[in-house]
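The primary structure of each chain is shown beneath.
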Amino acid sequence: MTQQSPHPTVLVVGLGGTIAMTPTTKEGGARPTLSPQDLLAAVPQLAATGITVKTLSFTNKPGASLTLDDIEELASRLWAMDSEGTIDGIVVTQGTDTLEETAYLLSLLYEAQAPLVVTGAMRAPFLAGADGPANLLAAVTVAASPQARGLGVLVAFNDQVFEATRVRKAHSTSTNAFIAPDTGPLGAVAEGRLRLLATPAHRPLPMAAALTRSARVGLYAASLGDDGVLLDSLLDQVDGMVIAAFGVGHVPDTWVPILRKAAERIPIVFASRTGGGTTLTHTYAFDGSEKTLLSSGLIGAGHLDPYKARHLLTVLLRSGADLAKIRATFAPAGTTPEGRG
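Residues numbered from 1 in each chain as written. Predicted model: local features only at pLDDT ≥ 70, side-chain atom pairs only at ≥ 80, totals over all residues. Heavy atoms only, no water.

Chemist: What is the right way to look at the overall build of the protein in this model?
Modeler: From N to C terminus, the protein includes 9 helices and 16 strands. Against the compact-globule benchmark of 20 Å for 341 residues, the protein has a radius of gyration of 21 Å, which places it among compact chains. Seen through its C-alpha atoms, the protein measures out along the principal axes to roughly 60 × 50 × 35 Å. Split into buried and exposed, the 341 residues of the protein put 51% on the buried side. Contacts in the protein between residues at least 24 apart in sequence constitute 72% of all its contacts with a sequence separation of at least 6. The average position of the 26 basic charges and that of the 30 acidic charges among the side chains of the protein differ by 2 Å. (Helix = DSSP H or I, 4+ residues; strand = E, 2+ residues; numbered from the N terminus. Rg over C-alpha atoms; globule rule 2.2 N^0.38 Å. Buried < 20%, exposed > 50% of the residue type's maximum accessible area, 1.4 Å probe, protein only. Contact = heavy atoms within 4.5 Å. Lys, Arg positive; Asp, Glu negative; His and termini not counted. Charge placed at Lys NZ, Arg CZ, Asp CG, Glu CD.)

Chemist: I tried to follow the pairing of strand β15 (residues 268–272) on my own but got confused; where do I start?
Modeler: Taken residue by residue, a regular strand's side chains alternate between the two faces of the sheet. Of all 5 residues in β15, 5 are buried; the element is thus mostly enclosed. Chirality of the crossover, the property in question, places the unit of strand β14 (residues 240–245), helix α6 (residues 256–263) and β15 among those that are right-handed. Where β15 and strand β16 (residues 299–300) come together, 2 bridges link them in parallel fashion. From the neighbouring strand, Phe-270 faces β16, where its bridge partner is Gly-300. (Right-handed = clockwise from strand over helix to strand, strands pointing away. Pairing = 2+ DSSP bridges.)

Chemist: What am I meant to see in α6 here?
Modeler: Each α-helix winds once per 3.6 residues, and so residues spaced three or four apart point in a common direction. Within the span of α6, buried status applies to Val-256, Ile-258, Leu-259, Ala-262 and Ala-263. Along α6, the residues classed as buried sweep out an arc of 160° about the axis, all on the same side. The inward-facing, buried residues of α6 abut α5 (229–235), β14, β15 and α7 (290–295). (Arc of directions from axis to C-beta.)

Chemist: Explain the pairing of β14 here, please?
Modeler: Taken across its 6 residues, β14 has 6 buried, putting it largely inside the fold. Of the two faces of β14, both are covered, the one formed by Gly-240, Val-242 and Ala-244 as well as the one formed by Met-241, Ile-243 and Ala-245. Of the strand pairs in this sheet, strand β13 (residues 217–221) and β14 are connected by 5 bridges, and their pairing is parallel. Of the residues in β14, the one forming a bridge with Leu-219 is Val-242. Between the parallel pair β13 and β14, the chain is carried across by α5, and the sense of this crossover is right-handed. Relative to β15, β14 is paired through 5 bridges, and the arrangement is parallel. Paired with Ala-244 across the strands is Ala-271, a residue of β15.

Chemist: Explain the packing of helix α2 (residues 68–83) against helix α3 (residues 99–109) to me, please; I cannot follow it from the model alone.
Modeler: What describes two packed helices is the angle between their axes and the distance between those same axes. The contact between α2 and α3 brings their axes to 10 Å, and the two run at 45°. In terms of their interaxial angle, α2 and α3 are classed as oblique. Considering the relative orientation of α2 and α3, their crossing is right-handed. Facing α2, whose interface residues are Leu-68, Ile-71, Glu-72, Leu-74 and Ala-75, α3 presents Thr-102, Leu-105, Leu-106 and Leu-109. When grouped by side-chain class, the residues that make up the contact of α2 with α3 number 7 nonpolar, 1 polar and 1 charged. (Axes fitted to C-alpha atoms, helices over the stretch in contact; angles between N-to-C directions. Parallel < 35°, antiparallel > 145°, perpendicular 65-115°, else oblique. Left-handed = near helix turned anticlockwise from the far one by under 90°. Nonpolar A, V, L, I, M, F, W, Y, C, P; charged D, E, K, R; others polar.)

Chemist: Which parts of the structure should I look at to understand the sheet that holds β16?
Modeler: By definition, the strands of a sheet pair up through backbone hydrogen bonds, in either a parallel or an antiparallel sense. The 4 strands are arranged β13-β14-β15-β16 in an open sheet whose pairing can be described as parallel. In the strand order of this sheet, the two ends are held by β13 and β16, each with one partner.

Chemist: Got a minute to help me understand the pattern of salt bridges in this structure?
Modeler: Close approach of charged atoms lets side chains of opposite charge pair. Under the counting rule described, the total for this entry stands at 6 salt bridges. Of the charged contacts in the structure, one is a salt bridge between Asp-97 and Lys-169, with a shortest N-O distance of 3.5 Å. Note that Asp-97 is positioned in the loop between β5 (89–93) and α3 and Lys-169 in strand β9 (residues 168–169), a separation of 72 residues in sequence. Take Asp-97: its relative accessible area is 52%, and that puts it in the exposed class. Close ionic contact of Arg-168 with Asp-305 constitutes a salt bridge, the shortest N to O distance being 3.2 Å. Of this pair, Arg-168 sits in strand β9 while Asp-305 is found in the loop between β16 and α8 (306–318), placing the two residues 137 residues apart along the sequence. You'll find Arg-168 and Asp-305 in the same group, each marked buried. Each of the salt bridges in this network shares a partner with another, and the network as a whole consists of Arg-168, Asp-305 and Lys-308. (Salt bridge = Lys/Arg side-chain N within 4 Å of Asp/Glu carboxyl O.)

Chemist: Sorry if this is basic, but what is going on with the nonpolar core here?
Modeler: In summary, soluble globular proteins display a tendency toward joint burial of nonpolar side chains. Ranked by internal contacts, the top residues of the largest apolar core, which has 54 residues, are Val-13, Leu-78, Ile-90, Val-92, Leu-116, Val-118 and Phe-330. Here this core gets 7 residues from one element, more than from any other, and that element is α3. With 27 residues, the next largest nonpolar core counts Leu-40, Ala-138, Leu-154 and Leu-186 among its residues. (Core = buried A, V, L, I, M, F, W, Y, C linked by side-chain atoms within 4.5 Å.)

Chemist: Looking at this model, I keep getting lost on helix α4 (residues 132–143). Mind explaining?
Modeler: The terminal C-alpha atoms of α4 lie 16 Å apart, and with 12 residues this matches the ideal 16 Å at 1.5 Å per residue to within 8%. Among the 12 residues in α4, 9 count as buried, and that is most of the element. Three or more residues of α4 are buried, namely Gly-132, Asn-135, Leu-136, Ala-138, Ala-139, Val-140, Thr-141, Val-142 and Ala-143. (Expected span 1.5 Å × (residues − 1).)

Chemist: In this structure, what is going on with the sheet that holds β5? I would like to understand it.
Modeler: The sheet built from 8 strands is open, its strands ordered β4-β1-β5-β6-β7-β8-β11-β12 with mixed pairing. Every interior strand has two partners, whereas the edge strands, β4 (52–61) and β12 (193–196), have only one. Geometrically, the sheet is characterised by an average inter-axis angle of 25° between neighbouring strands, direction not taken into account. As judged from the 2 bridges shared by strand β8 (residues 160–163) and strand β11 (residues 187–190), these two strands associate in the antiparallel manner. Counted as the bridge partner of Gln-160 is Ala-188 from β11. Against the sheet, α2 makes contact with β1 (9–16), β4, β5 and β6 (116–119), and its axis sits at roughly 160° relative to β4, the strand it touches most. Taken strand by strand, α4 contacts β1, β4, β5, β6, β7 (153–157), β8, β11 and β12, and its axis lies near 155° from that of β5.

This is the structure in structure tokens:
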């Protein structure tokens, strides 16, 4: 829809995850079984919002089993549905294990204007204090809000709203699991409406090209005492690599010749393994520093964390981007905290 309706329509898409899980074994182990309709039945407060809610059962997997192909297909399908002009916003429910990654992937692949909000749950519906219904209510509220238009893909969790580019899962069990280390949340949901406190300076621009090529991109973390032998063998098996480097972009000095040689063949990006802050360009100059890596042909990820840097590199390679295009894309993606512009 080009103009927000006074009675907006929101599509809720189910991918599975903890929010949709029920115990299916004698031991009480949970699996995703619930449909989007089941999830909505647990949120009677939606009836008082005036929002019309439609549903789509896309898949029912744990978050760890979702694939890039799943998300690409989802983005394409949602774009097609938005172009029909029958929805004002979209909510995607999924597992929190990979929520930060799929939200960022959707920001690279989803081209439509309707707000797209990703949410999930840390506690399954059968547990005391299940947070799924509250998160779903907040996500639908955000997706239906005119304030959310033009902000790109968002994450709604624990009544906070985050930009997909910056959000991270920072706790394995807490219902307050998601943070944005460099920027904080964009806003919150209170008294049934979105209260926007900030907006991204630049919305991430979806990739125009189709992902028609195959590409395997590795992610390798620097750790104390690693001599690089395993890294060397892994570099021969990938089409691109992201290094989760120490601090602002540092690796052991023994890695430098390995990475320099591999960078002649494949694109290699280095990101900070800390999860906050940025890689630098010229503050340090010792062997293994960011300056050494850049002069060896590597690409700095800036504010992108290693996981998001891997997805950006993967999408670029699968869309057929050459090294110049990859460098040009990572430059603004990495250096501005607000996202690509």
